[in-house]
Amino acid sequence: MSAPGIATIPTSLKGAIQKYIRVAVEHDKRDPVIAYYCRLYAMQQAMAIDKSSLEARQYLVSLMDFLEKSKNQLKDEQAVHNEIIGQAHVENYALKLFLYADNEDRAGHFGKNVIKAFLTSSLLMDVLTTFGDLSEDIEKNRRYAKWKALYINKCIQSGETPIAGPLPEDGDGYDIPGIGFENVAGPSEPPNHMTFSTDSGLYPAPGAHAPPSTPQDPPASTQQPIPQRSPQPTPRAAVSQTVTPDWEPPPNPAGLKLTPEQFQKGIKYCKFASSAMQYEDAKTAIDNLTKALRLLTTGKE
């Protein structure tokens, strides 16, 4: 399961990171950005668990070397070298998988691909913590996706027909720690045919509704196809043409002098809002635009 050049995962780390490494291997050719961040998250988790044993040190060194080589090979990939773009990339991908699984589940189409889509989306939402705390909506969807994957799997194994859509009255019923690929689709791991090729049906079909802001939201009846666009950074050349050596930023309307870090956070909120609008999620877009406006006008989050 490891990529060439990476040591075998030691027993002390396997339970915690194997599922993320598996997602990385599945996406090495399909989406190298997803593969990169899955391995980065796995490395961070591994270092917090065991970096003293010989096997763990050997594995971590090989994984670090592989990540460094991957970063150099992806030198033209903005999502790897810019955290804001990288976070938007991983979040969009995770929501796309969640949307597919949620649509299929609510339509009563239960199967191993739906289980894996729910589970993989939740794992990618784990990976999003690499960039900071999750939003309330992402956290709810993460817990719901993990619960739903385990619930459908148990029903299939016991010969029962799963109930479509959410069951608990609130999100408290979704918190299931420790769920991973080893708990889904059988006693070991998913069959090899559970893949994410573009024609496997795991991606949202044209006309699919936007992802719900919470798992309890009913699916929209009809929606227009959503174009998927990667956030594009402002070209440095364009900026340099408009900035002279003695240029100073215009004064803040509130008389505040914001730091570059605060402006970066504002950009981050706006990119999150843009991502939400691509999925027609008005609530998340408004929340992030409000945060950006508050930061720019008060200097506070």
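Residues numbered from 1 in each chain as written. Predicted model: local features only at pLDDT ≥ 70, side-chain atom pairs only at ≥ 80, totals over all residues. Heavy atoms only, no water.

A. Main features of helix 2 (residues 32-49). Taking 1.5 Å of rise per residue, 18 residues should cover 26 Å, and helix 2 covers 26 Å from first to last C-alpha, within 8% of that figure. Among the residues of helix 2, those classed as buried are Val33, Ile34, Ala35, Tyr36, Tyr37, Cys38, Arg39, Leu40, Tyr41, Ala42, Met43 and Ala46. Residues of helix 2 that are buried make contact with helix 1 (11-27), helix 3 (54-73), helix 4 (78-81), helix 5 (83-106) and helix 6 (112-127). (Helix = DSSP H or I, 4+ residues; strand = E, 2+ residues; numbered from the N terminus. Expected span 1.5 Å × (residues − 1). Buried < 20%, exposed > 50% of the residue type's maximum accessible area, 1.4 Å probe, protein only. Contact = heavy atoms within 4.5 Å.)

B. Here's a closer look at the packing of aromatic side chains. Following the criterion strictly, the structure yields eight aromatic pairs and no others. Ring centres of Phe118 and Tyr144 lie 6.2 Å apart, and the angle between their planes is 80°; this geometry places the pair in the edge-to-face category. In this pair, Phe118 is assigned in helix 6 and Tyr144 in helix 7 (residues 136-158), connecting sequence segments 26 residues apart. Side by side, Phe118 and Tyr144 carry an identical accessibility label, which is buried. Grouping aromatic residues by their ring pairs yields a cluster made of Phe98, Phe118, Tyr144, Trp147 and Tyr151. (Phe/Tyr/Trp six-rings, centres within 6.5 Å; stacked < 30°, edge-to-face > 60°.)

C. Structural view of the environment of Asn141. Mapped onto the secondary structure, Asn141 falls in helix 7. A C-alpha to C-alpha distance of 8.9 Å links Asn141 and Leu95, two positions 46 residues apart in sequence.

Nothing here speaks to function; it is all geometry.
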